[in-house]
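# Commentary on secondary and tertiary structure
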Amino acid sequence: MTIARALAGKPEIILLDDSASALDLATEAALRGALRSLPWHPTLVVVSQRASSVLSAEQILVLDDGQMMGLGNPQRAVGEKRDLPGNLLFPVSEERRLQMHKAKKTGGDPRKDPAGLKPFLGHILLSLFCALITVILTLEIPVLTGQAVDCILGPGRVDFPGLFAVLRRMAVVVAATFFSQWIMNRLNNYITYRVTCNMRQQAFAKMIRLPLRDIDGHSHGDYMSRIVTDADVFSDGLLMGFTQLFTGVLTIVGTIGFMLNISVPIALVVILLTPVSLLMAKFIATRTYAMFQLQARRRGEQTSLVEEMIEHKKVVRLFNYEREAQKAFDAGNELLADSSMKAT
């Protein structure tokens, strides 16, 4: 209907912005033939992500991320069998080819670095160093506490010079632990939120390039949930991983080292029980992964329902749909609570 209204005025220039994204190949071919047979021969500007939609054009302009990759004749390109990204037979400009090669060389391929952590490798190493210092100083506190207790021999038998010396060392260790942990948390927060920011930007850039049929095929709440809520969940998990993984592993290693100096049998018991706890954690994580996926999907459904009901509030009231909407929300909310409980 929109195309028919546009053609009714017999314009000299017709702009079709991904108009065939929801059409099958046969209908799209019929549409192209009808446009070519118009008696006044208008100029057609076609925006499309399908190669078949533009191969009959006189000129093709290929854009990638807002930058021109090239301009040329598709018939000549087909005859020369040039290989092009996006299934378009078109030569990539040398500048763009260098940019793509540089991105690939620096780890721009998300399949090799899905979390996007490679640019923050220096920050991660520094955070690991701070975690090591924090663990060493934290394990030093009980040792100093024991030395302080040893200075108290009994009533009237307190070694005050030795006790004050231990307390001074303890104060220095506590202060150093505070600063090393503060620096580690700052680094972890920076890495986590920058990675999440980059992920949201990439997801949004990907979404605005999607064909309309893909967007219409999913609820808008699902897209919002993936870009906002799922990114926050990933951010919390990444932050918890940096904060607890580094310090947890180093604490286990340091504790075993201290226990070997104190009691070898007890240290051996701890060494034998540690893999059991790791296997149990892996078992629980693999069993709850499916529930986390179900939780994300149901969260998207709830977000979509709320967005639709608020956006079309007048229509809901016009057709007296308030009770049905409330029932649908309550049912979805129960399912979301159930999946969330099982996931955690």
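The preceding data block contains the structure.
Thresholds applied
All residue numbers refer to positions counted from 1 along the written sequence of the respective chain. Only residues with pLDDT of at least 70 are given local features in this predicted model, and only at 80 or more are side-chain atom pairs given and counted; all residues enter the totals for whole chains, interfaces and linings. Just so you know, side-chain values use all the structure's heavy atoms and leave hydrogens and water out. Definition used for salt bridges: Asp or Glu carboxyl oxygen within 4 Å of a side-chain nitrogen of Lys or Arg. Helix and strand definitions here come from DSSP, where helices need a minimum of 4 consecutive H or I residues and strands a minimum of 2 consecutive E residues; each element is numbered from the N-terminal end. Remark: exposure states derive from per-residue accessible area (1.4 Å probe, protein chains only) relative to the maximum for the residue type, with buried under 20%, exposed over 50%, and partly exposed in between. Aromatic pairs are defined between Phe, Tyr and Trp rings, using the six-membered ring for Trp, whenever the two ring centres lie within 6.5 Å; interplanar angles under 30 degrees are classed as stacked, those over 60 as edge-to-face, and all others as tilted.

### Section: the pattern of salt bridges
- For the coordinates displayed, the defined rule picks out one salt bridge.
- A salt bridge links arginine 169 to glutamate 140; its shortest N-O distance comes to 3.8 Å. With arginine 169 in helix H6 (residues 160–208) and glutamate 140 in helix H5 (residues 121–150), this pair connects stretches of sequence that are 29 residues apart.
- Under the relative-accessibility criterion, arginine 169 is labelled partly exposed at 42%.
- You can call glutamate 140 partly exposed: its relative accessible area is 22%.

### A look at the packing of aromatic side chains
- According to the stated counting rule, one finds three aromatic pairs in the structure shown.
- Ring centres 6.1 Å apart and planes at 75° place the aromatic pair phenylalanine 120 and tyrosine 190 in the edge-to-face group. A residue pair is termed long-range when its members are at least 10 positions apart, and phenylalanine 120 in the loop between helix H4 (94–105) and H5 and tyrosine 190 in helix H6 qualify at 70 residues.
- For tyrosine 190, a relative accessible area of 41% translates into the label partly exposed.
- Ring geometry for phenylalanine 160 versus phenylalanine 164: centroids 6.1 Å apart, planes at 40°, classification tilted. Taken together, the positions of phenylalanine 160 and phenylalanine 164, both in helix H6 and four residues apart, correspond to about one turn of that helix.

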